[in-house]
Amino acid sequence: MNSFQFLVALTASFGGLLFGYEVGVMNVVLVMDAFRIFFKFHSWNGDALDENGKDTTDKAKMMYRKLTEANNKATLEGVITSSFVLGALCGALMATYLGEKYGRQRTIMIGACIFTCGAIIQGVSARHWAMIAVGRLITGLSIGCNGVLCPTYISEVAPAKIRGTLSSCYQLMTTFGIIVAAIINSIVWYYTNSSPEGLGIKRDDIWGEVANFEWRFALLFQIIPGLGLAILMSFLPKSPRWLCSKDRDEEAVEVLAKLNAASTSDELVQSELKAIQEDVAATRAAVIRRRTFITFLMQLFQQWTGINVIMYYQSQIYDEIGFSKFMSTVVLPIINNFVNFISTFPGMWGIEKLGRKTLLVVGALMMMVFHISTWACSTQTHNGKMWQYLAVASVFLFVFSFAWTWGPVPWVYQAEVFPLRVRVKGSAVGTVSNFLNNWIIAFVGPALMKAWSTKTFLLFAAACLLAWIYSQFYVIECKGLSIDEMDAKMAGKA
């Protein structure tokens, strides 16, 4: 691999940064007082809490606002959160048309511009949940579209030997986006929600707005990575495989030569061109069906591991376990998101050394164990701080287990397993499955956590057990296989 190939793959993976920031920003925004009051999730009559979240009338001890939850808070929160995922679902379907008609590179640019428009709508939202829901739906269109095309584009420009490692850069940048959002917005939260004006002073209008800078800044900040991706993608070449599929072989060979830092007549370039041309011709309906089922189920199980309940609502989970507002909103989410980011690196190594299937099997078992331990420890938190920290440690270990296995593998698998002519459509099936189940979880998540509390982790432990059975007995390993070898395996002939 040369530096240009790496740069192309890294730039395209910035689509994951947009996804990660969007996920990370909502975890913090949902616990910002101004956001909660603005959209009438909560009301505030002026009462205050101390640093441990206890009621206080002592001016010297007042630290946070004491908000009163509205009856429809869980429903509104679910709608606003899930509207993004619904948009992503539609965006994945949109990618099947745009990605084939206009190409991967140009459509990723279009997606980045759509993301920027959605960020602006969110940041300037009027005082009604519908406007921010529409803004999140529009950013979701971008994320769903680019969730299909960014890993596909990377897999189509990456050398075969390290295709999995480079394709997993998308997941790495997703985790990086989450941690960037957590750090920036936790700092904003701390300086705007700690010791705010008006503590202890009775308010006549309990629904009256407070300063809204904090959440508007957090949402408008998304404009920077959105525009950045659009600009950077304009400098990258078109996918050589897409060019060949459109009978533009001369352009394809020039791109291959540039990617390999060689001349168009070079033996390596010509052999890659021949392989792509063979790939273009390879579409066998019988084996496409099995790949489609594997991809659909893989992304389904990825969501039902429960990862996005933790990433969307982790501050509320830590609060439920018994931590202070500062720990729940600032310290623990940053640590957890850092664990998520760092743990992706072993996956980038293991995906080529150990294989896709091995990571799925091991990861499912580990996640099941840590879900059970999180629930078990959370039932003992009344017995002392040690149990609180053990419960949080189990959450971190679950995130570690996910980040190096089920985090990158589904995106890599769906981007490489389909023949070229149906690659975008096949990848879109997986992405639709991901966001459909993500939408279901995002919508029911708040109500589920409110009704079941930490027993929710047992539901996800059962899902991880099913994911292990699926991985062990149904998934086909595709590490290092050519399209013909993959066909034989999928048809049960190898």
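Residues numbered from 1 in each chain as written. Predicted model: local features only at pLDDT ≥ 70, side-chain atom pairs only at ≥ 80, totals over all residues. Heavy atoms only, no water.

A. Quick peek at the overall build of the protein. On a plain count of helices and strands, the protein comes out with 23 helices and 3 strands. Radius of gyration (C-alpha) of the protein: 23 Å, near the 23 Å computed for a compact globule of 494 residues. When the backbone C-alpha atoms are referred to their principal axes, the protein occupies close to 80 × 45 × 35 Å. Residue pairs at least 24 apart in sequence account for 82% of intrachain contacts in the protein once pairs closer than 6 positions are excluded. (Helix = DSSP H or I, 4+ residues; strand = E, 2+ residues; numbered from the N terminus. Rg over C-alpha atoms; globule rule 2.2 N^0.38 Å. Contact = heavy atoms within 4.5 Å.)

B. Fine view of the environment of cysteine 113. Relative to the assigned elements, cysteine 113 resides in helix α5 (residues 104-123). Expressed as a C-alpha distance, the spacing of cysteine 113 and glycine 228, which sit 115 residues apart in the sequence, is 9.6 Å.

C. Highlighting a positive patch on the surface. Positive charge collects at one region of the surface, where Lys101, Lys246, Arg421 and Lys425 lie side by side. The residue lysine 425 is located in helix α21 (residues 423-452) in this model. (Patch = residues over 30% accessible without salt bridge, like charges linked within 9 Å, V, L, I, M, F, W, Y side chains within 5 Å. Areas by Shrake-Rupley, 256 points an atom, 1.4 Å probe, with all protein chains shown as cover. Salt bridge = Lys/Arg side-chain N within 4 Å of Asp/Glu carboxyl O. Lys, Arg positive; Asp, Glu negative; His and termini not counted. Charge placed at Lys NZ, Arg CZ, Asp CG, Glu CD.)

D. Inspection of the side chain of asparagine 260 at higher detail. Its place among the elements puts asparagine 260 in the loop between α12 (249-259) and α13 (267-281). Once you skip the residues sitting within four places of it in the chain, asparagine 260 turns out to touch Asn2, Gln5, Leu268, Val269 and Glu272.

E. Here's a closer look at the sheet that holds strand β3 (residues 64-69). The strand order β2-β1-β3 describes an open sheet built from 3 strands, whose pairing is antiparallel. Two strands close off the open sheet at either side, each with one partner strand: β2 (55-56) and β3. (Pairing = 2+ DSSP bridges.)

F. Spatial organisation of the layout of surface pockets. A volume near 870 Å³ is recorded for the largest pocket. Around the largest pocket, the lining is made up of 31 residues, and of these Arg36, Glu69, Gln316, Asp319 and Glu320 lie nearest the centre. Contributing elements (two or more residues each) for the lining of the largest pocket: α3 (33-38), β1 (42-49), β3, α4 (73-101), α15 (307-321), α16 (325-342) and α21. In terms of residue class, the lining of the largest pocket is made up of 10 nonpolar, 9 polar and 12 charged. (1 Å grid on protein atoms, 1.4 Å probe; cavity = no way out; pocket = protein on both sides within 12 Å on 5 of 7 lines; lining within 4 Å. Points joined across faces, edges and corners; volume = space filled by probe spheres on them. Nonpolar A, V, L, I, M, F, W, Y, C, P; charged D, E, K, R; others polar.)

G. A look at unusual backbone geometry. Even without a glycine there, the phi angle at aspartate 247 is positive, about 60°. Inspection of the secondary structure assignment puts aspartate 247 in the loop between α11 (240-245) and α12.

H. The arrangement of the packing of aromatic side chains in detail. Counted by the stated rule, this structure contains 23 aromatic pairs. Note on tyrosine 470 and tyrosine 474: the rings are 6.2 Å apart at their centroids and 45° apart in plane angle, and the pair reads as tilted. Since its relative accessible area comes to 6%, tyrosine 470 is described here as buried. Residue classification places tyrosine 474 among the partly exposed positions, given a relative accessible area of 28%. An aromatic cluster of three or more residues is present, and its members are Phe35, Phe38, Phe39, Phe41 and Trp215. Its end group placed over the ring of tryptophan 44, arginine 65 keeps NZ or CZ at 5.2 Å from the ring centre. A cation over an aromatic ring shows up here: arginine 216 above the ring of phenylalanine 38, its NZ or CZ 5.2 Å from the ring centre. (Phe/Tyr/Trp six-rings, centres within 6.5 Å; stacked < 30°, edge-to-face > 60°. Buried < 20%, exposed > 50% of the residue type's maximum accessible area, 1.4 Å probe, protein only. Lys NZ or Arg CZ within 6 Å of the ring centre and 35° of its normal.)

By themselves, these observations are geometric and do not establish any function.
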